[in-house]
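Overview (structure and organization)
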Amino acid sequence: MLHLNSFNVLNNNCVCKSINKNAQRKVEKRLKELNDLLGCAKKLTSSSASSLHLPVVVNNEKIIATHWNTNFDALNIILSNGLIAWLFFDSFDYTSLTYVYLDKYLIGKIQTAHIVDVVFDRSKILFSYTNSKLTCVEFNEVKPSHTSKFKKSFKLNSRNVKVLEFDLELNCGVRRVEQHLILDKYPNEEETLLCVWWQNGSNTLCPWSSPLTSSRDLANVFIYNIFQDSLELVGFQSIPTDILKISFSKTKPCRLLTIENEQKPNSLTFKEYQLSDSGMLNLITCSYIAIPCPCLKVEFNLSLDKVLILCEEKTIILFNIHRNTVSLFKVPINAIKIVTNPLDSFFIIADNSGQIMMYDYGLHVMSANYDNLCMRDAPNNLSSIEFL
């Protein structure tokens, strides 16, 4: 049986008792400062699949992203004003905080009014907005060590930071659209591919469109190449259907995988697009996935060879991309969230109250103490769940 525990990461009860008193007071002081910035209530509403809870955001700043920094084994919490909180945990007890640092380097250096998405890698952070801007924060990649300088090496002011702002070659004009970001997880050594996309909405061809309207004017998916300090547009495509999930392929370069809802009853589509030398994303594969009821959420597994589809009526569908097969099964809870595990061995579903269940890809429930993770004291519904 898997033994699961939950805890409030911003509560003083999580301060490690084995560190000295001065270090404890410093952690408590910074947790209080972070809570004050968030205007946190005492109740909890959001959690991660690692059973780590974040608080209600009542006013003031809000959490726009969380990220587990594998380079430093630390949790990053990014606030809407650009502050990055670093939370370090005891290596033998990930419910105990040993060090907290509030990095304020980016406050006032990036747009903060309309942040939509944030993505990370080891040497950069990218911010998208509702306008045609993109902020790229580049910094030196640091190899963590256990020396006395360790707690300074992660700070942005010691990592030769560059804050670059780009004007994206988009066609949304003065309209504000929620631009989402997908970063190629396996780039080559010199360049990185970035996908900027939004739901097409009203960006489709109309009878009153200008005769000079081009395919690029209708596009809502753009592929950029990030090379040193430049951003180069290398491809685009118009996807008029609702994009439920999009990802770069891990095995085939310059290829995008999507799950789309074409508004056909009881059907979704899996598609593959290949970036051509001419800059077009050409459709090369299309598979239809039958679903018995409306879809709530879609996720790829880590290997990108399976698709998990969470539907209404307590139904989950597993689509095997390579075999083109569909498996359907019922679950005992009214799940609204589904998330895959980074180890690619199981996935988690969760209902409104935060109760979770775990399944392997053979669709067998995994034995665990699930009752301990039901958030009975949460005043509102579950906001998000993810693996860090």
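Figured I'd write up the structure that's included with this text. (Residues numbered from 1 in each chain as written. Predicted model: local features only at pLDDT ≥ 70, side-chain atom pairs only at ≥ 80, totals over all residues. Heavy atoms only, no water.)

1. Looking at the sheet that holds strand 11 (residues 162-167)
Note: strands within a sheet are paired through backbone hydrogen bonds, in either parallel or antiparallel orientation. Definition in use: Whether two strands pair depends on DSSP finding at least two bridges between them. In this text, helices come from DSSP runs of H or I with a minimum length of four residues, and strands from runs of E with a minimum of two, each type numbered from the N-terminal end. With axes taken as lines fitted to C-alpha atoms, and helix axes fitted only over the stretch in contact, angles between N-to-C directions fall between 0 and 180 degrees.
What the 4 strands build is an open sheet, ordered 8-9-10-11; its pairing is antiparallel. One side of each edge strand has no neighbouring strand; the edge strands of this open sheet are strand 8 (115-121) and strand 11. For this sheet, the mean angle separating the axes of adjacent strands, direction not counted, is 15 degrees. The pairing of strand 8 with strand 9 (residues 124-129) spans 6 bridges and is classified as antiparallel. Looking across to strand 9, one finds that Val119 is bridged to Leu126.

2. Some remarks on the sheet that holds strand 25 (residues 346-350)
In spatial order, the strands read 24-25-26; together these 3 strands make up an open sheet with antiparallel pairing. Across the chains shown, the open sheet's two edge strands, defined by having one partner strand only, are strand 24 (337-340) and strand 26 (356-360). Across this sheet, the average inter-strand angle for adjacent strands is 20 degrees, counted without regard to direction. Where strand 25 and strand 26 come together, 5 bridges link them in antiparallel fashion. Directly across from Ile348, in strand 26, lies its bridge partner Met358.

3. Quick look at the pairing of strand 23 (residues 325-330)
Within a regular strand, the side chains alternate between the two sheet faces. As defined by bridge partners, strand 22 (residues 315-320) adjoins strand 23 across 6 bridges and the pair is classed as antiparallel. Bridging from a neighbouring strand, Ile316 pairs with Phe329 of strand 23. Linking two consecutive strands that pair antiparallel, namely strand 22 and strand 23, is a turn of 4 residues; a positive phi of about 60 degrees is found at Asn324 within it.

4. With respect to unusual backbone geometry
Despite not being glycine, Cys254 has its phi angle at roughly 60 degrees, a positive value. Within the fold, Cys254 resides in the loop between strand 16 (242-248) and strand 17 (255-261). Phi is positive for Asp344, which is not a glycine, with a value near 60 degrees. Looking at where Asp344 falls in the secondary structure, it is placed in the loop between strand 24 and strand 25.

5. What about the nonpolar core?
Cut-off, in case you're wondering: Definition of nonpolar core: a set of buried residues of the types Ala, Val, Leu, Ile, Met, Phe, Trp, Tyr and Cys, connected through side-chain atoms within 4.5 Å. The classification of residues rests on relative accessible area computed with a 1.4 Å probe and restricted to protein chains. Under 20% of the type maximum is buried, over 50% is exposed, and intermediate values are partly exposed. We call two residues contacting when some pair of their heavy atoms lies within 4.5 Å.
One finds Trp86, Ile125 and Phe127 to be the most contacted residues of the largest nonpolar core, which totals 23 residues. Elements with a contribution of two residues or more to this core: strand 5 (74-79), strand 6 (84-90), strand 7 (93-103), strand 8 and strand 9. Beyond its immediate chain neighbours, meaning those up to four positions away, Phe127 contacts Ile64, Ile78, Leu106, Ile110, Ile115, Asp117, Val118, Lys133, Leu134, Thr135, Val137 and Leu181.

6. Details of the packing of aromatic side chains
When we look at a pair of aromatic rings, we describe it by the centre distance and by the angle of the planes. So the rule is basically this: Here the aromatic set is Phe, Tyr and Trp, taking the six-membered ring for Trp, and pairing holds for ring centres within 6.5 Å; pairs whose planes are under 30 degrees apart are stacked, those over 60 apart are edge-to-face, and all others are tilted. By definition, being over a ring means that NZ of Lys or CZ of Arg is both within 6 Å of the ring centre and within 35 degrees of the ring normal.
This model, assessed by the stated rule, comprises 17 aromatic pairs. Ring geometry for Tyr99 and Phe154: centres 6.5 Å apart, planes at 75 degrees, overall edge-to-face. Of this pair, Tyr99 sits in strand 7 while Phe154 sits in the loop between helix 2 (150-153) and strand 11, placing them 55 residues apart in sequence. For the pair Tyr99 and Phe154, one class covers both residues: buried. Above the face of the Tyr105 ring, Lys109 is positioned so that its terminal group lies 4.4 Å from the ring centre. Of note, Lys306 hangs over the ring of Tyr361, and the distance from its end group to the ring centre comes to 5.4 Å.

7. Thoughts on the environment of Asn282
Looking at where Asn282 falls in the secondary structure, it is placed in strand 19 (residues 281-290). The class of Asn282 is partly exposed, set by a relative accessible area of 37%. Sequence separation between Asn282 and Glu272 is 10 residues, and the spatial gap between their C-alpha atoms is 8.3 Å. When sequence neighbours within four positions are dropped, the list of residues in contact with Asn282 reads Gln237, Glu272, Tyr273, Gln274 and Ser276.

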